[in-house]
Every structure is written in structure tokens, then in C-alpha cells.
Amino acid sequence: MALDRPTFSTTSLREGYDMGEVDQAIDLIFDNLELPEQRFGAEHIMDLRFTPVRLRQGYDIGEVDSWLDLAAAETARRESGGAAPEQAPPAPEPAPEVPQPAPTPQPQAAPARSSYEPTTSSAITEVSSGGPALYLILAGILVVIGVVVYALVA
């Protein structure tokens with residue numbers, strides 16, 4: 001499987017991944033795949049987290065996550081010494097069919113948790129108000145209200 005450089009759809013009104021962070025991670029993944037001995041493995045790719053952005057352009061989350069799954073699979077294949085598809089040995093001829101007993105049903109495992117779920121923290125985060133800009137906006141609103149009231153009274 002050859003891994004191609006991706007092109008993702010961009011989002012601006014809904015949540016997406018920070019474009020700079022994703023581009024940097026993709027460059028690192030391709031640099032890693034070109035090395036004779038990889039610096040990091042598939043589990044490192046699956047653990048990647050990106051800053052979600054809203055109201056500015058970001059990459060579509062689903063497309064990025066899907067491509068990261070492909071990149072992790074390619075990295076794991078190369079880690080295990082798997083041959084590239086061009087070098088794959090020819091498939092052996094199928095053996096004659098022998099009747100097999102019906103397989104016993106196995107209990108199904110619970111669905112795997114996505115490695116791209118947002119992380120949460122119990123840390124206290126200080127949220128600041130708008131600062132000086134907020135005060136200027138409020139002052140402007142008060143001036144407009146004052147002018148309207150003066151015009152109505154006078």
C-alpha cells in the first residue's frame with residue numbers, strides 16, 4: 001500500500017483541526033516512513049491530538065482521522081517487515097476444498113474506542129473577559145442609548 005499525500009476539505013463554520021498542526025504531523029509521518037528504521041510507530045500516530053478550531057478554517061476532522069488510520073496501518077506494516085505491494089510474493093494456489101465443520105459463534109467484542117476522541121482535563125482554566133475591547137464596545141452602546149434617549153426627551 002502506497003500512502004499518498006492527502007488533501008483534506010476545509011471547514012470554517014463547524015469544528016475542524018488546526019491546519020498547521022495537521023500539516024506538520026503529516027510531514028513528520030512521511031519523513032518517518034522514508035527512514036530505513038522508523039523513529040516512531042503506529043501507536044504514536046494513533047495517539048496524535050490536534051487543536052480543534054471553530055470560526056476559522058480547519059481540516060475536516062473525519063477526513064484527517066481516516067487518513068491517520070491509513071498512515072498508522074502503513075507504519076505498522078513497515079514495522080513488521082511487510083513487503084510493499086509491488087514486492088509481494090505471488091499468492092499460493094488454493095488447496096482443494098475439504099468440508100469444514102460449521103464454526104461456533106464467538107462472542108463479539110465491544111466496539112473499540114476511537115483514539116481521536118477529545119481529551120478532557122480536570123485542571124482549572126482561567127477564562128478572561130474581552131479585556132479593553134469589551135469596555136469600548138459597552139461604552140459605545142451606552143453612548144448610542146444616551147443619544148437616543150436625549151433625542152426622544154428633547
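Okay, so let's go over this structure. What you are looking at is a predicted structure, and each value in this text was computed from that prediction instead of being measured.

## A short note on the environment of Arg39
Then, number 1: Residue placement: Arg39 occurs in the loop between helix H1 (19-34) and helix H2 (42-46).
Then, number 2: Between the C-alpha atoms of Arg39 and Ile29, which are 10 residues apart in sequence, the distance is 9.7 Å.
Then, number 3: The contacts of Arg39, once residues within four sequence positions are left out, are Asp31 and Asn32.

## Focus: the side chain of Asp18
Then, number 1: Mapped onto the secondary structure, Asp18 falls in the loop between strand E2 (16-17) and H1.
Then, number 2: A distance of 3.2 Å separates a polar atom in the side chain of Asp18 from the backbone nitrogen of Gly20.
Then, number 3: Residues in contact with Asp18, not counting those within four places in the same chain, are Thr51, Val53 and Arg56.

## Description of helix H4 (residues 132-153)
Then, number 1: Given a rise of 1.5 Å per residue, 22 residues ought to cover 32 Å, and the 32 Å separating the end C-alpha atoms of H4 matches this to within 8%.
Then, number 2: Counting buried positions along H4 gives zero out of 22 residues, so the element sits mostly on the surface.

## Notes on helix H3 (residues 61-79)
Helical geometry note: an α-helix holds 3.6 residues per turn, so side chains three or four residues apart project in the same direction.
Then, number 1: Along its 19 residues, H3 runs 27 Å from first to last C-alpha, staying within 8% of the 27 Å computed at 1.5 Å per residue.
Then, number 2: Buried within H3 are the following residues: Val64, Asp65, Trp67, Leu68, Ala71, Ala72, Glu74, Thr75 and Arg77.
Then, number 3: In this structure, the buried residues of H3 make contact with E2, H1, H2 and strand E4 (58-59).
Then, number 4: In this structure Asp60 caps H3, since a side-chain oxygen of it lies 3.2 Å from the backbone nitrogen of Gly62.
Then, number 5: Backbone geometry just downstream of H3 places Gly81 in the positive-phi region, at approximately 80°.

Reading the values: rules and limits
Residues numbered from 1 in each chain as written. Predicted model: local features only at pLDDT ≥ 70, side-chain atom pairs only at ≥ 80, totals over all residues. Heavy atoms only, no water. Helix = DSSP H or I, 4+ residues; strand = E, 2+ residues; numbered from the N terminus. Contact = heavy atoms within 4.5 Å. Polar contact = N/O pair within 3.5 Å; in protein donor to acceptor, adjacent residues only side chain to side chain. Expected span 1.5 Å × (residues − 1). Buried < 20%, exposed > 50% of the residue type's maximum accessible area, 1.4 Å probe, protein only.

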